[in-house]
Amino acid sequence: NPHIRGMAPYMPAPRQAGYISLDANESPFDLPASVRKKFLKKIKHLVFNRYPDGPSTELRRAVGRKTGLPPDWIVAGNGSDELIGCLIDALAPPGGTVVIPDPTFVMYERLARIRGARLAKLPLDDQFDLTPAFLDPKLLKSAALWFFAYPNNPTSNCFSERLLLTILKRARGIVVIDEAYVDFSGKTFLPLLRKYPNLVILRTFSKALGIALGRVGLAFAHPKITRLLHVVRLPYNLSGLGQALALTTLASEREIRQNIASIVRERRTLLDRLAASTVFFACPTDANFVLVKTARPKKVFEFLRARGILIKLFHEPRLQSYVRITVGRPAEMRRLAEALDRMENDSWRK
Ligand code: PMP
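Values in this document were obtained by computation on a predicted structure and should not be read as measured data.

Enquirer: How should I be thinking about the site of the ligand in this particular structure?
Expert: The environment of the ligand is made up of 14 residues, and the closest members are Ser80, Asp178, Tyr181, Thr204 and Ser206. Separating an oxygen atom of the ligand from a backbone N or O atom of Ser80 is a distance of 2.6 Å. At 2.8 Å from an oxygen atom of the ligand is found a side-chain nitrogen or oxygen belonging to Asn153. The cavity that encloses the ligand is the largest pocket. The dominant element in the shell around the ligand, judged by the number of residues it contributes, is helix 3 (residues 79–91), at 3 residues. Here the shell around the ligand is built from residues that sort into 5 nonpolar, 5 polar and 4 charged.

Below, the structure written as structure tokens:
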């Protein structure tokens, strides 16, 4: 496949025991003991020698009850990563144009390149917001697919809602709004789904719902689109264990959601701490992570790693003077705050 020539494998490093992981935007809270117990009870009764429910029917019904959408408006995927690939497979013709902001979540570009799509990477402005370039009439007419993470990863902000709506109204192609971090922003396009037949919403169980291990994502769209996603996805794309875990999580949602309040509180504390700093500048955030500007990102990364804290460093030129910090549990954030205090001493700046 000539399209993958020159591409390196994407192999996230295994989690390192003993470190505080503030580097991957996961939930810092493991499954509550009571929910874990429910899950173990549920899987005791699974039939292991048979294939799982291919279209994840029970899961889509459960999600439908929560969102008020019929199951044929919902597709379940092996993480939303898989659904991003399915969307390109189903909706971008060979050589068709996929529009993405720059910078954004790396999988849009990777999966589009693997599939030989033409990428239109449009730079975000100084505030990491969308620009009028996204309203270019030629692009609105010709692009097959648009991806917007809302809030955007790694920049942590939500784009201008007005501009997104204009794109949605004018685009001939399909507009995907990836709401992986919706529980931390409280902002969603889901109610607009019936109004705009070219809108697709992505959600994931990997962030606020805290089951990244299970690999479960969802796409919401008009049945004309979901049918195409069912055409291209693998027949048993979600394991029976993943489906059981997602169902248990949904049934215990109220308990798990208490963690979101903690994360939002800790985000506030971190932002206040950074606002008082002379060496760090926090970008506005609607997510469970913060993009932080600093003159010496590598040094910050290494200083924190030496103290058992992992954060995210970037290689892209545009993000050379930034690090991304995921909000952790209160005790973890206290450790981070102590490290930041120490870092601001003169000894570090030398
Ligand atoms: N979309 C965005 C914007 C993300 O940041 C991530 C995770 N880093 C994903 C999708 C992928 O999530 P999942 O675990 O469901 O594949």
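Enquirer: Please explain the packing of aromatic side chains as it appears in this structure.
Expert: Counted by the stated rule, this structure contains 9 aromatic pairs. Their ring planes at 85° and their centres at 5.5 Å tell us that Phe105 and Tyr108 sit as a pair that is edge-to-face. Using a relative accessible area of 23% as the deciding quantity, one classes Phe105 as partly exposed. We classify Tyr108 as buried; its relative accessible area is 0%. Chaining the aromatic ring pairs together yields one cluster made of Phe134, Trp146, Phe148 and Phe159. The ring of Phe303 carries the charged tip of Arg307 above its face, separated from the ring centre by 3.6 Å.

Enquirer: Would you mind showing me how to read the nonpolar core here?
Expert: When a protein is soluble and globular, its nonpolar side chains tend to lie buried together. Counting 57 residues, the largest nonpolar core has Leu59, Leu130, Trp146, Phe148, Ile167, Phe205 and Phe220 as the members making the most contacts within it. Considering every element that reaches this core, the biggest residue donor is helix 9 (residues 240–251), with 5 residues. Among residues more than four places away in sequence, those in contact with Ile167 are Leu130, Phe134, Leu135, Leu140, Trp146, Phe148 and Val175. In this structure, Leu270, Leu274, Phe301 and Phe303 belong to the second largest nonpolar core, which totals 33 residues.

Enquirer: Got a minute to help me understand the side chain of Thr204 in this structure?
Expert: Within the element layout of this structure, Thr204 appears in strand 7 (residues 199–204). Judged by relative accessible area, which is 11%, Thr204 ranks as buried. Within the local environment of Thr204, its side chain forms a polar contact with the backbone nitrogen of Ser206, the two atoms lying 2.9 Å apart. One polar contact links the side chain of Thr204 to the main-chain carbonyl oxygen of Val216, over a distance of 3.5 Å. Those residues in contact with Thr204 that sit more than four places away from it in its chain are Ser80, Ala180, Val216 and Gly217.

Enquirer: Please clarify how the sheet that holds strand 10 (residues 289–294) should be interpreted in this entry.
Expert: In any sheet, the strands associate via hydrogen bonds between backbone groups, in a parallel or an antiparallel arrangement. The strand order across the open sheet built from 4 strands is 9-10-13-12, with neighbouring strands paired in antiparallel fashion. At either margin of the open sheet sits one strand with a lone partner, and together these are strand 9 (280–282) and strand 12 (312–313). Where strand 10 meets strand 13 (residues 322–326), 5 bridges bridge the pair, whose relative direction is antiparallel. Its bridge partner being in strand 13, Val290 is matched across the sheet by Ile325.

Enquirer: What is the right way to look at the pairing of strand 8 (residues 217–220) in this model?
Expert: For a regular strand, the rule is simple: side chains alternate between the two faces of the sheet. Judged by which residues are buried, strand 8 turns out to be covered on both faces: Gly217 and Ala219 on one side and Leu218 and Phe220 on the other are all buried. Sheet topology places strand 2 (residues 74–77) next to strand 8; 4 bridges connect them, and they run antiparallel. Along strand 8, the bridge assignment pairs Ile74 with Phe220. Pairing of strand 7 with strand 8, which is carried by 4 bridges, proceeds in the antiparallel orientation. By the bridge assignment, Thr204 is partnered in strand 8 with Gly217.

Enquirer: For this particular structure, what's the right way to read the packing of helix 2 (residues 57–67) against helix 9?
Expert: Each pair of packed helices gets described by two things: the angle between the helix axes and the distance between those axes. Between helix 2 and helix 9, the least distance of the axes is 9 Å, while the angle of their chain directions is 25°. Relative to helix 9, the element helix 2 lies roughly parallel. Once helix 2 is placed against helix 9, the crossing between them reads as left-handed. Listed contacts from helix 9 to Glu58, Leu59, Ala62, Val63 and Lys66 of helix 2 are Ala246, Leu247 and Leu250. Broken down by class, the residue content of the contact of helix 2 with helix 9 amounts to 6 nonpolar, no polar and 2 charged.

Enquirer: Quick question: what am I supposed to make of the layout of surface pockets here?
Expert: Regions of empty space are outlined by a rolling probe, equal in size to a water molecule, passed over the atoms. The volume enclosed by the largest pocket comes to roughly 1,700 Å³. What lines the largest pocket is a set of 46 residues, and nearest its centre among them are Tyr10, Pro12, Asp23, Ala24 and Lys312. Secondary structure elements with two or more residues in the lining of the largest pocket: helix 3, helix 4 (106–114), helix 11 (297–306) and strand 12. With 4 residues, helix 4 is the largest single contributor of residues to the lining of the largest pocket. Class assignment for the residues of the lining of the largest pocket results in 24 nonpolar, 10 polar and 12 charged. Of the volumes computed, that of the second largest pocket is approximately 650 Å³. Forming the walls of the second largest pocket are 24 residues, and the residues nearest its centre are Ser27, Phe29, Asp30, Gly210 and Leu213. Going through the elements one at a time, strand 1 (20–21), helix 1 (33–44) and helix 9 are the ones with two or more residues in the lining of the second largest pocket. For the lining of the second largest pocket, the leading source of residues is helix 9, giving 3 residues. Its residues assigned to classes, the lining of the second largest pocket comprises 11 nonpolar, 7 polar and 6 charged.

Rules and cut-offs
Residues numbered from 1 in each chain as written. Predicted model: local features only at pLDDT ≥ 70, side-chain atom pairs only at ≥ 80, totals over all residues. Heavy atoms only, no water. Near = heavy atom within 4 Å. Polar contact = N/O pair within 3.5 Å; in protein donor to acceptor, adjacent residues only side chain to side chain. 1 Å grid on protein atoms, 1.4 Å probe; cavity = no way out; pocket = protein on both sides within 12 Å on 5 of 7 lines; lining within 4 Å. Sits in = over half its atoms within 2 Å of the grid points. Helix = DSSP H or I, 4+ residues; strand = E, 2+ residues; numbered from the N terminus. Nonpolar A, V, L, I, M, F, W, Y, C, P; charged D, E, K, R; others polar. Phe/Tyr/Trp six-rings, centres within 6.5 Å; stacked < 30°, edge-to-face > 60°. Buried < 20%, exposed > 50% of the residue type's maximum accessible area, 1.4 Å probe, protein only. Lys NZ or Arg CZ within 6 Å of the ring centre and 35° of its normal. Core = buried A, V, L, I, M, F, W, Y, C linked by side-chain atoms within 4.5 Å. Contact = heavy atoms within 4.5 Å. Pairing = 2+ DSSP bridges. Axes fitted to C-alpha atoms, helices over the stretch in contact; angles between N-to-C directions. Parallel < 35°, antiparallel > 145°, perpendicular 65-115°, else oblique. Left-handed = near helix turned anticlockwise from the far one by under 90°. Points joined across faces, edges and corners; volume = space filled by probe spheres on them.

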